[in-house]
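# Structural characterization, general
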Amino acid sequence: MISKLNLEDILFLDIETVPETRYFSDLDKTKQELWELKSKYQRADISAEDFYERAGIWAEFGKIVCISVGYFKFQGDIRTFRVTSFYGEEFKILSDFRNLVITHFSQAKHLLCAHNGKEFDFPYLARRMIIHNIELPYKLNLFGKKPWEVPHLDTMDLWKFGDYKNYTSLKLLTNVLGIPSPKDDIDGSEVCRVYYEDNDIDRIVIYCEKDTIAVAQIFLRLRGDSILEDSEIKHI
């Protein structure tokens, strides 16, 4: 049961992604053709070029521009949730994140937690690391692991309660659980514009950190714990 897990053993995270280049025309001819094939069924009557702004959701055509992480610390009865972010060049983002996981969250007891993490964040991180020739940390290397050996928690998966056809967004779940919405400025569909047109990575970092905090808040609610007060959240 999740209520028996030690909160200090869990690394909560969220990632923000964008298309690997600003414009479809910036891709070489081969990559353009591959994108046309990859997106054929999703885009319907929309051209591959017009649909390219959504390419960030595929690890083969996107890149990570921010990883935000959060973890709990307890000192007696005092609970704090510490949040920090990695951003800049993707290779450094991934390398720094890997170093954090290896240094502080590599023991058997440690777990990674994200919303829809099993379908998006965790495989995206692993694929981009392999593309950059970065050795996968143990917590992302799932080769040969049995399902019960995978060290991942997914708040969307926990909310399903076995209902495998159910998809619940982070925004919806925070709303129904009475948690402050992380989508009070931008949402995921706007990250590409904010990154490439506004060049405002700070705004994306703030958004990503809010999502990470929201994941932790949902996990607390699922455990039956009280949610975090603003005074308990520390940005480092």
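These remarks concern the structure in this document. All figures in this text were calculated on a predicted structure; none of them were measured in a lab. (Residues numbered from 1 in each chain as written. Predicted model: local features only at pLDDT ≥ 70, side-chain atom pairs only at ≥ 80, totals over all residues. Heavy atoms only, no water.)

Right, let's talk about the sheet that holds strand β3 (residues 78–87) for a bit. Taken together, the 6 strands give an open sheet; going across it, the order is β5-β4-β1-β2-β3-β6, and neighbouring strands pair in mixed fashion. With partners counted over all chains shown, the strands left at the sheet margins are β5 (152–154) and β6 (233–235), one partner each. Direction aside, neighbouring strands of the sheet carry axes that sit 30° apart on average. In this structure, strand β4 (residues 111–114) lies alongside β5, joined through 3 bridges in parallel fashion. Looking at the pairing, alanine 114 lines up with aspartate 154 of β5. Of the strands in this sheet, β1 (10–19), β2 (62–75) and β3 touch helix α4 (residues 90–104), which is tilted by about 25° from β2. (Pairing = 2+ DSSP bridges. Helix = DSSP H or I, 4+ residues; strand = E, 2+ residues; numbered from the N terminus. Axes fitted to C-alpha atoms, helices over the stretch in contact; angles between N-to-C directions. Contact = heavy atoms within 4.5 Å.)

As a further point, take the state of the cysteines. Inspection of the entire model under this criterion finds 0 disulfides. With no disulfide of its own, cysteine 192 has cysteine 66 as its nearest cysteine by sulfur position, at a separation of 15 Å. Free cysteine cysteine 208: the closest other cysteine sulfur is in cysteine 66, separated by 3.8 Å. (Disulfide = S-S within 2.5 Å.)

The next thing to look at is α4. Along its 15 residues, α4 runs 21 Å from first to last C-alpha, staying within 8% of the 21 Å computed at 1.5 Å per residue. Listing the buried residues of α4 in full gives Glu90, Ile93, Leu94, Ser95, Phe97, Arg98, Leu100 and Val101. Its buried side turned inward, α4 meets β1, β2, β3 and α5 (121–131). (Expected span 1.5 Å × (residues − 1). Buried < 20%, exposed > 50% of the residue type's maximum accessible area, 1.4 Å probe, protein only.)

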